[in-house]
Amino acid sequence: MYTGNLLGFGLAVSSSAFIGSSFIIKKKGLQRAGACGTRARSGGYGYLLEPLWWIGMFTMIVGEIANFIAYIYAPAVLVTPLGALSIIVSAVLAHFLLNEKLRRMGILGCVLCIVGSTVIVLHAPAEHTISSVEEIWDLATQPAFLLYTASAIAVVLVLVLYCEPRYGQTNMMVYIGVCSINGSLTVMSVKAIGIAIKLTLEGSSQVARYQTWIFVMVAVTCIVTQLNYLNKALDTFNTAVVSPIYYAMFTFFTILASAIMFKDWSGQSFSTIISVLCGFVTVVFGTMILHSTREPDPQPVSDLYSSLSPQISWIVHANGEIWKHKDNGDSCPEVVAIIQPDHFK
């Protein structure tokens, strides 16, 4: 393995451990904030006053810094798939801390994620040498990548303006789609910033170049958007489902964007490319298995039975109808269950 790839590998692994933990810590903070105010999925921002959420945020920042440095030394096709480790961390912690049970097939899914990531790492290409931020700018403004960027922005706008108001609360792909597509642009701009910082530290200052600050503005915009919609996804859906699907989509779009912009596959043999693609497919199957074995979030009891009057008992017929049982002692045929108000306390 190339020296740069080895350093990037170590940083990416530590990054995944921090980021995987942050999912759980942040969700605990979101739950606490939602217990005494408007939840994030309903547009609330009470979690900003919750210390536990900020601890999770700090943990994620540490992980992202490690990830940021990893992108300086290794190609995105190597660093991004190692995010599979964050899936394992978040799924295991969710099992113990959030009571989101990880079944046997879920464990198999985690193993497949690790195997697929290992295959990708072993066949990752070397990073191309870049000597200035202008060179990165030329790569970012080539017609193929401009077409990708325009398509990504268009899809995100459709998801935000049309799909979110209609399907955001019932279909996690809306929130995850926004995060993943934005994430691919974030990685490209963050990688450009990282290279600019590296060149500056080596004596070739890139601070005065306007291209550097354009990449900074793009990165900040995309990161803020990602955080907002990731919070909504975590607060609305099961963490152990959100994490792997987000990872799979984020990895796919990032590898695609990197292949278009940085031409990662240039000069690589056909067998190497096929091996990386097989590794990615293995990871996708792992995430699908993990997704299919997760239990949906239970609906709160208060939402199910809040309409029932506390002054009377409710009798459920065999045909599914509900009949009020009052104090006059009238009986009802074909009774399946008598539900008392105290049953829900």
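Model, not experiment: these values are computed from the prediction. (Residues numbered from 1 in each chain as written. Predicted model: local features only at pLDDT ≥ 70, side-chain atom pairs only at ≥ 80, totals over all residues. Heavy atoms only, no water.)

(A) Structural view of the overall build of the protein chain. When you go through the protein chain residue by residue, the secondary structure sums to twelve helices and three strands. For the protein chain, with 345 residues in total, the buried portion stands at 47%. Once local pairs closer than 6 in sequence are excluded, the contacts in the protein chain between residues at least 24 apart make up 78%. Of the roughly 17200 Å² of accessible surface on the protein chain, 67% is carried by carbon and sulfur atoms. (Helix = DSSP H or I, 4+ residues; strand = E, 2+ residues; numbered from the N terminus. Buried < 20%, exposed > 50% of the residue type's maximum accessible area, 1.4 Å probe, protein only. Contact = heavy atoms within 4.5 Å. Areas by Shrake-Rupley, 256 points an atom, 1.4 Å probe, with all protein chains shown as cover.)

(B) Quick look at the pattern of salt bridges. In the structure shown here, the tally under the stated rule is three salt bridges. Of the charged contacts, one joins Arg 209 and Glu 134 as a salt bridge, the two residues approaching to 2.4 Å between their closest N and O atoms. Of this pair, Arg 209 sits in the loop between helix 8 (172-201) and helix 9 (210-236) while Glu 134 sits in helix 6 (residues 133-140), and the two are 75 residues apart along the sequence. (Salt bridge = Lys/Arg side-chain N within 4 Å of Asp/Glu carboxyl O.)

(C) Seen up close, helix 4 (residues 84-97). The end-to-end C-alpha separation of helix 4 is 20 Å, in line with the 20 Å expected for 14 residues at 1.5 Å each. Within the sequence span of helix 4, burial applies to Ala 84, Ser 86, Ile 87, Ile 88, Ser 90, Ala 91 and Ala 94. Just beyond helix 4, the residue with positive phi is Asn 99, at close to 60 degrees. (Expected span 1.5 Å × (residues − 1).)

(D) A look at the packing of helix 7 (residues 143-167) against helix 8. Contact pair helix 7 / helix 8: the axes reach a minimum separation of 9 Å and the direction vectors enclose 155 degrees. Considering the angle they form, helix 7 stands roughly antiparallel to helix 8. Of the two elements, helix 7 crosses helix 8, and the hand of that crossing is left-handed. When helix 7 is examined against helix 8, the residues Phe 145, Tyr 148, Thr 149, Ala 152, Val 155, Val 156, Leu 159, Val 160, Cys 163, Glu 164 and Tyr 167 are found in contact with a partner set consisting of Val 174, Tyr 175, Gly 177, Val 178, Ile 181, Asn 182, Ser 184, Leu 185 and Met 188. (Axes fitted to C-alpha atoms, helices over the stretch in contact; angles between N-to-C directions. Parallel < 35°, antiparallel > 145°, perpendicular 65-115°, else oblique. Left-handed = near helix turned anticlockwise from the far one by under 90°.)

Interpretation note: all reported values are geometric properties and have no functional meaning in isolation.
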